[in-house]
Amino acid sequence: MVNVEGIFVSDGGVPKLSVDQVNVTVNGLDGDRQRDLKHHGGPDRAVCVLQTELLSQLQSEGHPIQPGTTGENLLISGIDLEIGTQFTVDEVQLEVVSDAPPCKTIASSFTNGEFKRISYKLTGQTRWYCRVIKPGIIRISA
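Residues numbered from 1 in each chain as written. Predicted model: local features only at pLDDT ≥ 70, side-chain atom pairs only at ≥ 80, totals over all residues. Heavy atoms only, no water.

With that settled, the discussion passes to the pairing of strand β5 (residues 47–51). Burial analysis of β5 places five of its five residues in the buried class, which makes it a mostly covered element. Burial of β5 is two-sided: the residues Val47, Val49 and Gln51 facing one way and the residues Cys48 and Leu50 facing the other way are all buried. Across three bridges, the pairing between β5 and strand β9 (residues 127–134) is antiparallel. In the sheet register, valine 49 faces β9, and the bridge partner there is tryptophan 128. By the bridge criterion, three bridges tie β5 to strand β6 (residues 74–77) in an arrangement that is parallel. The residue bridging leucine 50 from the neighbouring strand is leucine 75, located in β6. Taking the sense of rotation as the criterion, the β-α-β connection linking β5, helix α1 (residues 52–60) and β6 turns out right-handed. (Buried < 20%, exposed > 50% of the residue type's maximum accessible area, 1.4 Å probe, protein only. Helix = DSSP H or I, 4+ residues; strand = E, 2+ residues; numbered from the N terminus. Pairing = 2+ DSSP bridges. Right-handed = clockwise from strand over helix to strand, strands pointing away.)

Quick look at the structure:
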C-alpha cells in the first residue's frame, strides 16, 4: 500500500509548501506552477514524486534536505518505483514516466550544493516524474 507522507505545491520554485489534500489533473496538481516549462510540468511530468526512504537516507548522510525542498509534489512510501510502474494513491492513478533530473535550484538541500546526489545517471537514486492516468483527490495518509 502506498502511503502519502507529504503533498507539496508552490506558485513556482522551491521549496514547495505542504498541503493536506490536492486535486490532481492530467496536467498536475491544482495550485502548483512551474516557472521553467521547458524542463518541468506538462502531461508527462505532471507529478514529481520522492520516496520517503530516499529522503531519510539523504538526511542520514548529513544533507539538509527537508520535505518539499527538492520540488517534489508527493512524498510517498510503501512502493519501489521505476519507469513504467503504475500505482494508485487515493483516487489517483499514476505511471512513472522518467527520472526527474536535478538542477542547481535545489542545491541548498545538499551538503556543499551537491544536487547531483539525486541524479539517476550518476547514483541510481532520484525523484520520479509521473503522468496521471486517472485524476482525482489525494490526501495525506492517516
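Within the fold, asparagine 73 resides in the loop between α1 and β6. Within polar-contact distance, the side chain of asparagine 73 engages the side chain of aspartate 32 at 3.0 Å. Once residues within four sequence positions are removed from consideration, asparagine 73 is found in contact with Gly6, Ile7, Phe8, Lys16, Leu29, Asp32, Ala46, Val47 and Cys48. (Polar contact = N/O pair within 3.5 Å; in protein donor to acceptor, adjacent residues only side chain to side chain. Contact = heavy atoms within 4.5 Å.)

Core analysis: the largest hydrophobic core is formed by 23 residues, its most contacted members being Val47, Phe87 and Ile138. Elements that contribute at least two residues to this core include exactly β1 (3–9), β3 (21–25), β5, β6, β7 (86–89), β8 (92–100) and β9. If you look at the next biggest cluster of nonpolar residues, it comprises twelve residues, including Phe8, Ile65, Ala107 and Phe110. (Core = buried A, V, L, I, M, F, W, Y, C linked by side-chain atoms within 4.5 Å.)

Another aspect to go through is the pairing of β8. Summarising the sheet, β7 and β8 pair through four bridges and their orientation is antiparallel. Counterpart to threonine 88 in the pairing with β8 is glutamine 93. From the end of β7 to the start of β8, which pair antiparallel, there are two residues, and aspartate 90 there has a positive phi angle of about 55°.

Right, let's talk about the sheet that holds β3 for a bit. Taken together, three strands build an open sheet; the order of strands is β4-β3-β10 and the sheet is antiparallel. Strands at the two margins of the open sheet, each flanked by one partner only, are β4 (28–29) and β10 (136–139). Summarising the sheet, β3 and β4 pair through two bridges and their orientation is antiparallel. Residue pairing in the sheet places threonine 25 in a bridge with glycine 28 of β4.

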